[in-house]
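Descriptive analysis of the structure
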Amino acid sequence: MTMDFRLGEGSDALRDEARRFLDEQLTDDLREQMHRTGVHHDWDFHKARVESGMLAPGWPVEYGGQGRDALEVLAMAEEFQTAGAPTYGGSTTLMVANVIRHMGTEEQKRLIVPQALSGEIIIVLGFTEPEAGSDVAAAQARAVRDGDEWVINGQKMFTTNAQEADYVFLLTRTNPEVAKHKGLTTFLVPLRQPGVEIQPVFTVSGERTNLTFYSDVRVDDSLRIGEVDGGWEVMTVGLTFERSLPQGGDSRRLLRAMERWALTSVDDAGRPKSEDADVRARLGRAAAEIEVSTLLARRCAWVQNSGTLPGVEGSMAKLFATEALTRQSADFMDMLGPDGIRADGDPAAVAHGIAEYLYRFALGTTTYGGTSEIQRNIIAQRVLGLPRG
Amino acid sequence: MDLNPSEEQQQLIDAFAAFYAKECPVERVRAAEPSGHDAELWASLRAMGALEMAVDEESGGWGASLLDMALVAEQHGRHLGPAPLIEGQVAAKVLARTGGDAAAETLGRALGDDHLVTIALHPPQGGVLSLVPGGSVADEVVFFDHGRLKCMAVAERGRPVPNTGSMPLADVAVDPAAVELVSGAEAEGLFESARDEWLVLMANALVGVGARSLELGVDYAKERRAFGVPIGSFQAVAHGLADAATAVEGSKLLAREAAWSASEDAARATELACLSCGFSAEAAREASYRSLHYHGGYGFMLEFDIQLYFRRAKAWPAVFGEPSSMYARGAAERLSAARTDG
């Protein structure tokens, strides 16, 4: 064995397949629809992924996957992220399906997993609440047992794609008398039923998410995931499936657009922007950061391939890549000068205003999936061994 | 993908880690200030084969890959080795690659006893090679001038330029009698390759500087107590260290990838050399700055080791240029590739 930074032939092949798929399926119309509605899920696109084996290639063959390894899956996912494809609904669905595969009942595996992998349903996440964000275990949405059913009352924030989804993976409080981590239970709650209210919430990037309300919503005990009051363990397992995510894709798309701009624009004296030292320094800095984001993310998949569950490696990758995107988008707006604020829709906007769009979009990335501050806590404690505050 | 060093590479790392621990404790680094050169360490490094490794077997070396050399450079950086290892290796490598009698003779002297050959990273300006690394202790310097790769004896050695990083730098006047080794496109290609190699090795040395800086800061933050608790339990301290740890970890992956690409992904080698050195420079600077600052007033005292790292993190790469200039060079490579791709 020797050090090798190539992902491997399997990854290269799947990456090529992903590129072909995206050329065909990620049309200008679909991009325009995402921009107009702020919804980053599209059923036709989602089903086309299933048909092309581009939804869950890492899953075992008996579930309809291809048994691909983590680096192969990552290569595909890098392409989807770099292209800006609508994948969020698929990602949350697969994450929950994975939880069910590992912790669900046989009935749940039979009922839910095939529907999730065949693209018939999507599942969204219902963890965050108006009063519980980073401190996710402080969730207050209440579930009370009533015979074979549970009655749920409460609210969830940022239930993205709820308006498209069949189920919400809901974190509820079933025992308010014990320590906060010990009184939580997770359910797969059908969203299309009385008592569920979905209120759209629009974000600064134009992306639509939701506030969801649950009033005497009933869910059968057969849709409880894990033990009663065992919700924290379920969450912990769920989060381990989120550790080999691609990073740096949005930055890569941004950099490519800025490099094209530099090659095709001139300054007042007619000199190509690509020869300007300041422009080059900004482009190079972003290129270095993107390479680092990519390597940190690939390291997670490599760790996973080596048979270990990646942990803090994922925190480093996520922290670095999302903070870098935040910095780069602002920096490239500056590089473009006053034209940097021109948004999509203005024909004079550079590359559909990608820099100013990502300037707004980046805000979400440093928050969801664990804020940068939470990631820094994890790194400080688990990598550096610093004492908890 | 495999991010683990091979068994041989691990042995190399272990051997040099043990070597530096024994031959280059921090007292030696301090003792070598301000000249920045420890002749005894340089002799020991030579005896370890640190120079021979850079040169292929036909030229009298053992033909290590740039990645192997990078792993050694990381140890050199961790211990702030006060010896012109990287410049010496790069000079030997370019001489071996150049061929011809003059280059072979200089290389023979470099690999022989007690004769130090270095390389200037920039062409002369106004007849002077500015801030030549190892220049104040070198016997000969390889340099690039008006399309020609040349070599000359250093006439007036011994007057080092006082500098931030306590390095043995000198401004060296070009001798009209300098020997031309090769000219034209070949000379330029050789010089640019040498500069890329210097950037890669420096990037890896800075990984060592950054990693050790961080350890010093983390150790201090665990021990030092304020308001009744270790200061590392304060998020204001912990988060700065977490950011630095992330950047240093990233710099290590990138610096190793850059070294690996020299033989395995030639199309990206120059780009990655430039980007990695810029990034490592910034990561090491940030790690050493954070760690120094969290030492409070002690960080400002000469007695504490972190200042040794803080100064070198900034100064070592500056001999080539500021990080922005490295990024700009990397971007120019990318832009030229993108232009070719259409």
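**Some remarks on the overall build of chain B**
Looking only at helices and strands, chain B has eleven helices and eight strands in total. Taking 2.2 N^0.38 as the reference for a compact globule, 342 residues should give roughly 20 Å; the C-alpha atoms of chain B span a radius of gyration of 20 Å, in line with that estimate. Taking the principal axes of the C-alpha coordinates as reference, chain B spans close to 70 × 50 × 45 Å. Within chain B, the proportion of its 342 residues that are buried is 57%. If you take every contact in chain B between residues at least 6 apart in sequence, the share linking residues at least 24 apart comes to 71%.

**Description of the interface of chain A and chain B**
Listed as interface residues are 41 residues of chain A and, on the opposing side, 44 residues of chain B. Sort the elements by how many residues they give to the side of chain A that touches chain B and helix α10 (residues 277–305) of chain A lands first, with 15 residues. Of the residues assigned to the side of chain A that touches chain B, the class counts are 25 nonpolar, five polar and eleven charged.

**Thoughts on α10 of chain A**
Residue and element names in this part refer to chain A. Its 29 residues place the ends of α10 41 Å apart at the C-alpha level, agreeing with the 42 Å of an ideal helix rising 1.5 Å per residue. Of all 29 residues in α10, 25 are buried, a share of seventy percent or more. Two residues or fewer after α10 comes glycine 307, characterised by a positive phi angle close to 95°.

**Focus on the domain arrangement of chain A**
Residues and elements named next belong to chain A. When cut into domains, chain A gives domain 1 (9–86), domain 2 (123–232) and domain 3 (249–382). Here domain 1 and domain 3 have C-alpha centroids that lie 21 Å from each other. Contact residues are listed per partner, giving nine residues for domain 1 and eleven residues for domain 3. In terms of residue count, helix α4 (residues 70–83) provides more of the side of domain 1 that touches domain 3 than any other element does, six residues in total. Looking at the side of domain 1 that touches domain 3 residue by residue, the classes come out as three nonpolar, four polar and two charged.

**Here we look at the sheet that holds strand β4 (residues 148–153) of chain B**
Residues and elements named next belong to chain B. Read across the sheet, four strands follow the order β1-β3-β4-β6 without closing on themselves; strand pairing throughout is mixed. Among the strands making up the open sheet, the edge pair consists of β1 (117–119) and β6 (179–183). The mean inter-strand angle of the sheet, taken between neighbouring strand axes irrespective of direction, is 25°. By the bridge criterion, three bridges tie β1 to strand β3 (residues 140–145) in an arrangement that is parallel. Among the inter-strand pairings, valine 117 is bridged to a residue of β3, identified as glutamate 140. Here helix α7 (residues 184–223) sits on the sheet in contact with β1, β3, β4 and β6, set at roughly 100° to β6.

Criteria and cut-off values
- Residues numbered from 1 in each chain as written.
- Chains lettered and ligands numbered in written order.
- Predicted model: local features only at pLDDT ≥ 70, side-chain atom pairs only at ≥ 80, totals over all residues.
- Helix = DSSP H or I, 4+ residues; strand = E, 2+ residues; numbered from the N terminus.
- Rg over C-alpha atoms; globule rule 2.2 N^0.38 Å.
- Buried ≥ 20, exposed ≤ 12 C-beta atoms within 10 Å, placed from the backbone.
- Contact = placed C-beta atoms within 7 Å.
- Nonpolar A, V, L, I, M, F, W, Y, C, P; charged D, E, K, R; others polar.
- Expected span 1.5 Å × (residues − 1).
- Domains from an automatic or database assignment.
- Pairing = 2+ DSSP bridges.
- Axes fitted to C-alpha atoms, helices over the stretch in contact; angles between N-to-C directions.

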